[in-house]
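What the coordinates show
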Amino acid sequence: MATPSAVFTEMVTTTLRHSGTKVTDNVSEHNALLTTMKSRGKIKTVSGGYEIQEPLEYAENGTYQRYSGYDNLNTSASDVLTSAKYEWQQVALHVVASGRELRMNRAKEQMINLVQARKKNALNTAANNMSVDIYSDGALTNQINGLANLIQNDGQGTVGGIDAATYAFWRNQAREATGTNNADNPSVANAIALKADMNKLWLQTVRGKDKPDLIVASHDFYSLYETGEQQLQRYSDATLAQAGFDNIKYKSAAVIFDDNANFATTSEKMYFLNCDYLYLIQHAEAQWTTDDEKKPTNQDAVVIPMYWMGNMACTNRARQGVLFDAA
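Everything quoted here is computed from the prediction, not taken from an experiment. (Residues numbered from 1 in each chain as written. Predicted model: local features only at pLDDT ≥ 70, side-chain atom pairs only at ≥ 80, totals over all residues. Heavy atoms only, no water.)

1. Describing the overall build of the protein chain
Formally: Helix and strand assignments come from DSSP, with helices taken as H or I runs of at least 4 residues and strands as E runs of at least 2, each series counted from the N terminus. The rule is simple: take the accessible area with a 1.4 Å probe, protein chains only, and divide by the maximum for that residue type; under 20% is buried, over 50% is exposed, in between is partly exposed. Contacts are residue-level and defined by heavy atoms, with any inter-residue pair within 4.5 Å sufficient.
Counting its secondary structure elements, the protein chain contains 9 helices and 14 strands. Counting all 327 residues of the protein chain, 45% fall into the buried class. Nonlocal contacts in the protein chain, meaning residues at least 24 apart in sequence, comprise 75% of its contacts between residues at least 6 apart.

This is how it looks when you write it as structure tokens:
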């Protein structure tokens, strides 16, 4: 007869080993930003590499020339490409049960309940923590580069191995909100001031048809924007609404909000994102992938690991922006 440990392991691995995509789906569906990125094919799976390397166009072709007749033409080589390089970061999550729990839940129905409870907890843990990481500045050990790293308040920073202080093309757009405690006072006057700041930042991030398609705001900024829009009732992006996320339209972009705690900062923020240039990249063999069970030598327990490996990447910081209220 199979031991309780063997039954637990088999049931967990049966439901999770071949359903890494289900865990990934749960993580993305928990967060409006990741939901949008997934719907636009911006969650990429790659098979390896020493680091994550994304090609960039950083200059125009220098051979563009107006000429007449027999003028000599410019056939010089043009150095227009470089790469942003992002480190692989790793996350481990473990489904654990003690020997005591396993023996107490040996009956089939009880074991099913135990497995379902542990699986639900694993899914929620992955979703909640990834929601924090995607907004982070990557300051924690082995943390991915979140939006606060990719899109900085001063537009600067070394991102993807490229120093924006040296290379102007790599600076994101940034603007501090007008007035004092703008976001903390949801008056109509402040809503008008916020809209004016949004209009100015929008123009900075637009290049022809290339423009932000998603604006992610902390609570106070979202509430302030909503105050000025309620009479217009400009709701909403249908895809996000169908996925269960409240949103309001600003020009052609959807405006969403996320938990302030996820922004890992006391200042209010509103990210203007062009998702064409944002990616969540994960390794093919570590996308919440379940490993073989482990049994600690000094504990009466069963541990089933799940691994994720990847990072967030940006390939055009100049088309991204952040509006912030530092007060």
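2. Focus: the pairing of strand β14 (residues 321-325)
Keep this limit in mind: Two strands pair if DSSP finds at least two bridges between them.
Burial within β14 is extensive, with 5 of its 5 residues counted as buried. Here β14 shows no split at all, with Gly321, Leu323 and Asp325 on one side and Val322 and Phe324 on the other all buried. Relative to β14, strand β7 (residues 173-176) runs parallel, the two being bridged by 4 bridges. In the strand pairing of β14, alanine 174 is matched with valine 322.

3. Quick notes on the sheet that holds strand β9 (residues 248-250)
The condition is simple: All axes are obtained by fitting lines to C-alpha atoms, using only the stretch in contact for helices, and the reported angles, taken between N-to-C directions, cover 0 to 180 degrees.
Strand order across the open sheet formed by 6 strands is β7-β14-β11-β8-β10-β9, with mixed pairing between neighbours. Each edge of the sheet is formed by a strand with only one pairing partner; in this case those strands are β7 and β9. Adjacent strand axes in the sheet meet at a mean angle of 20°, parallel and antiparallel pairs treated alike.

4. A closer look at the packing of aromatic side chains
Aromatic rings considered in pairs are described by the distance between their centres and by the relative angle of their planes. To keep it simple, the criterion reads: Between 30 and 60 degrees the pair is tilted, below 30 it is stacked and above 60 it is edge-to-face, where a pair is any two Phe, Tyr or Trp rings, Trp via its six-membered ring, whose centres lie within 6.5 Å.
Applying the stated criterion across every chain yields a total of 7 aromatic pairs. Every member of this aromatic cluster is reached through a ring pair, and the members are Trp202, Tyr225, Tyr250 and Phe272.

5. Regarding the side chain of threonine 315
Take threonine 315: it is sitting in the loop between β13 (301-314) and β14. With sequence-adjacent residues up to four places away left out, threonine 315 is seen in contact with Glu54, Pro55, Leu56, Trp170, Tyr277 and Tyr279.

6. Things to note about the pattern of salt bridges
Applied cut-off: When a carboxyl oxygen of Asp or Glu is within 4 Å of a side-chain nitrogen of Lys or Arg, the pair counts as a salt bridge.
Enumeration over the complete set of coordinates arrives at 6 salt bridges. We note a salt bridge from aspartate 197 to arginine 175, for which the minimum N-O separation is 3.1 Å. Of this pair, aspartate 197 sits in helix α7 (residues 188-205) while arginine 175 sits in strand β7; the two residues are 22 residues apart in sequence, bridging distant segments of the chain. In this structure aspartate 197 comes out as buried when scored by relative accessible area, which is 1%.

The values reported here are purely geometric and, on their own, carry no functional implication.
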